[in-house]
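Chain and residue survey
Listed below are the residues making up each chain.
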Amino acid sequence: QEKALTLPCSPSGPFVGLAFKLEEGKYGQLTYMRIYSGTVSKGDFITNGTSSKRTRVPRLVRIHSDELEDIVSASAGDIVALFGIECASGDTFTDGSVNVAMTSIRVPDPVMSVSLTPKSTDQLPNFQRALQRFQREDPTFTVSNNAETGETIISGMGELHLDIYVERMRREYKVDCEVGRPKVNYRETIQARAEFLYLHKKQSGGSGQFGKVGGYIEPLPEDSTTRYEYDNEIVGNAIPPEFYPACEKGFKEAANAGSLIGAPVEGVRVVLNDGAAHAVDSNEMAFRLAAIGGFRQAYANARPTILEPVMKVEVTVPVEFQGNVMGDLNRRKGMIMDSRQEAEDAVIEATVPLNSMFGYSTVLRSNTQGKGEFAMEYSHHAPVTKEQQEQLTSAAGAKA
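Summary of the structure given here. Everything numeric in this text was worked out from a predicted model, so none of it was measured.

1. Overview of the overall build of the chain
- Helix and strand content of the chain: seven helices and 24 strands.
- Considering only C-alpha atoms, the chain reaches an extent of 75 × 60 × 50 Å along its principal axes.
- Taking the contacts inside the chain whose residues are at least 6 apart along the sequence as the reference set, 71% of them involve residues at least 24 apart.
- When the accessible area of the chain is evaluated, it comes to approximately 21900 Å², of which 48% is carbon and sulfur surface.
- If you average the places of the 42 positive and of the 52 negative side-chain charges in the chain, the two averages end up 4 Å apart.

2. Structural notes on the nonpolar core
- By size, the foremost hydrophobic cluster in this structure holds 38 residues, and its most contacted members are Ile154, Met169, Val315, Val325 and Leu329.
- Elements supplying a minimum of two residues to this core: strand S11 (112-118), helix H1 (124-137), helix H2 (159-173), strand S21 (304-318), helix H5 (322-331), strand S23 (345-353) and helix H6 (360-367).
- Apart from residues lying up to four places away in sequence, Ile154 is in contact with Met112, Ser113, Val114, Leu116, Leu131, Phe141, Thr142, Val143, Leu162 and Val166.
- With 27 residues, the next largest nonpolar core counts Ala255, Val268, Ala298 and Tyr299 among its residues.

3. Structural notes on the sheet that holds strand S19 (residues 228-232)
- Within the open sheet, the four strands sit side by side as S17-S18-S20-S19. Their pairing is mixed. Taken across any chain shown, the strands that pair with only one partner, and hence form the sheet edges, are strand S17 (194-202) and S19. Within the sheet, the average angular offset between the axes of one strand and its neighbour, ignoring direction, is 25°.
- Relative to strand S20 (residues 268-276), S19 is paired through five bridges, and the arrangement is parallel. In the sheet register, Tyr228 faces S20, and the bridge partner there is Val268.

4. Here's the deal with the pattern of salt bridges
- This model, assessed by the stated rule, comprises 23 salt bridges.
- Glu137 serves as the salt-bridge partner of Arg133, at 2.6 Å between the closest nitrogen and oxygen. Of this pair, Arg133 and Glu137 both sit in helix H1, separated by four residues, roughly a single helical turn.
- Between Arg187 and Glu266 there is a salt bridge; the shortest N-O distance is 3.6 Å. Remark: Glu266 occurs in the loop between helix H3 (244-255) and S20 and Arg187 occurs in strand S16 (residues 187-190); sequence separation between them is 79 residues. The exposure classification of Arg187 matches that of Glu266, with both residues buried.
- Several salt bridges converge on common partners, so that one network encompasses Arg133, Glu137, Glu167, Arg168, Arg170, Arg171 and Glu172.

5. With respect to the pairing of S11
- Taken across its seven residues, S11 has six buried, putting it largely inside the fold.
- Bridging between S11 and strand S13 (residues 152-156) involves five bridges; their strand directions are antiparallel. Counted as the bridge partner of Val114 is Ile154 from S13.
- Note that S11 and strand S15 (residues 183-184) share two bridges and pair antiparallel. By the bridge assignment, Met112 is partnered in S15 with Val184.
- Where S11 and strand S14 (residues 177-179) come together, three bridges link them in antiparallel fashion.

6. Section: the sheet that holds strand S2 (residues 28-37)
- One open sheet accounts for eight strands, arranged S5-S4-S10-S1-S2-S9-S6-S7; its pairing is antiparallel. Taken across any chain shown, the strands that pair with only one partner, and hence form the sheet edges, are strand S5 (54-56) and strand S7 (67-70). Shown here is a sheet whose adjacent strand axes are inclined to one another by a mean of 40°, direction ignored.

7. Description of a negative patch on the surface
- On the surface, Glu320, Glu344, Asp345 and Glu373 cluster together to form a negatively charged patch.
- In this structure, Asp345 sits in strand S23.

8. A few points about the packing of H1 against H2
- Between H1 and H2, the least distance of the axes is 11 Å, while the angle of their chain directions is 125°. The pairing of H1 with H2 is recorded here as oblique in orientation. Where H1 crosses over H2, the two elements pack in a sense that is right-handed. Contacts between H1 and H2 involve Asn126, Phe127, Arg129, Ala130, Leu131, Arg133, Phe134 and Glu137 on the former and, on the latter, Tyr165, Arg168, Met169, Glu172 and Tyr173.
- Tallied by class, residues from the contact of H1 with H2 come to seven nonpolar, one polar and five charged.

Cut-offs and rules
Each residue is numbered by its place in its chain's sequence as written, counting from 1. Only residues with pLDDT of at least 70 get local features here, since the model is predicted, and only at 80 or more are side-chain atom pairs given and counted; chain-wide, interface and lining totals rely on the full set of residues. Here the side-chain values reflect all heavy atoms present in the structure, with hydrogen atoms and water set aside. Helix and strand assignments come from DSSP, with helices taken as H or I runs of at least 4 residues and strands as E runs of at least 2, each series counted from the N terminus. Should any heavy atoms of two residues lie within 4.5 Å, those residues are counted as being in contact. Method for areas: the Shrake-Rupley scheme with a 1.4 Å probe, in which residue coverage is limited to the protein chains shown. When charges are counted, Lys and Arg are positive and Asp and Glu negative, with His and the chain ends excluded. By convention, charge coordinates are those of NZ in Lys, CZ in Arg, CG in Asp, or CD in Glu. For our purposes a nonpolar core is just a set of buried Ala, Val, Leu, Ile, Met, Phe, Trp, Tyr and Cys residues, chained together by side-chain atoms within 4.5 Å. Per-residue accessibility, obtained with a 1.4 Å probe over protein chains only, is compared with the maximum for each type, and a residue is labelled buried under 20%, exposed over 50%, and partly exposed between these values. Strands qualify as paired when DSSP identifies two bridges or more between them. Here an axis means a line fitted to C-alpha atoms, over the contact stretch when the element is a helix, while the angle between two N-to-C directions is reported on a 0 to 180 degree scale. By convention in these notes, a salt bridge is any Lys or Arg side-chain nitrogen within 4 Å of a carboxyl oxygen on Asp or Glu. Exposure above 30% relative accessible area and the lack of any salt bridge qualify a residue for a patch; like charges then connect within 9 Å, and the nonpolar side chains Val, Leu, Ile, Met, Phe, Trp and Tyr within 5 Å. Oblique is the label for any angle not under 35 degrees, not over 145, and not in the 65 to 115 range, which are roughly parallel, roughly antiparallel and roughly perpendicular in turn. We call a crossing left-handed when the near helix sits turned anticlockwise from the far one by less than a right angle, and right-handed when that turn is clockwise. Gly counts as polar in this scheme, as do all residues outside two lists: the nonpolar Ala, Val, Leu, Ile, Met, Phe, Trp, Tyr, Cys and Pro, and the charged Asp, Glu, Lys and Arg.

Set out below in structure tokens:
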């Protein structure tokens, strides 16, 4: 059982530190650590709370710009760097006397993906090494493989974020890559409640498969902190209890890929309240498949829609270009949230669909004679227009 704990920020308390940044230096991995409690000295053994691995601190340094100053010890409140520590960003280290983990930073889901392929097979070892290191450094950078095409897919928080890692791979690891077209990470959701009563029945000589599930799916409240909820409200033994986990697994599996474009479904609550079993033919596989079929049956009637990532954009431009820039943001389906003047610059805040922001840096330079700049971060997912949904579903159908 986890519970919140307030640490005494005291040098005499148990040692607790947080690795918040990693850097590859000429002496190996350099781990930046903030010490929240206790004291750590060169030669001490510290324990990684994530991997439970004990490690000796071989070298402890304080950093001033690009200068490293060797120190013997550091205590609560200090920010130091350690060499020779294997960990990832966000790992908590202790002296082993306490079992605590620092509150982790909120890591938003990636909003953009591109495929990445090294131009030469000789570069594959360095390519893999770079990806592993970047994932340890940055929790918002993720790597996956497309099972159908065999491509490596990198995902992150935007076009510039991924461009930087591609450039770092070329500069630091001497790996040139073919970069695929950026792909926006859509989601799906439902707008209405819908019921299901689904029977999965299969007979092919010997014992067959039989599983029947009933219930409904409904949208979660907009202010809900969870993306998916499952409730078992079965009374009695309509479905034997040993098949409950198979039903839950089937509903969760179905929610991983919606029927519109195959994107994950979020903002949905699944309630199982009825069903039936067969004394001989019912098994876990039958109820898992029945749950998948029941979810898809209800999903089609629950007014499903596609959600796209919307970004919070802040643009800073000289005042004389304000009108052009605001007009361009409106053409990109953006919504202007605020506009203010700071000295001779105008600062425009807007929310814009990520799909409309590809190549924006080039357009902004062109519209402002190279004097404009912008920052962009993920805001939320919002429903696409009806026309856009039709385009996306037809494109997904053509691929299938």
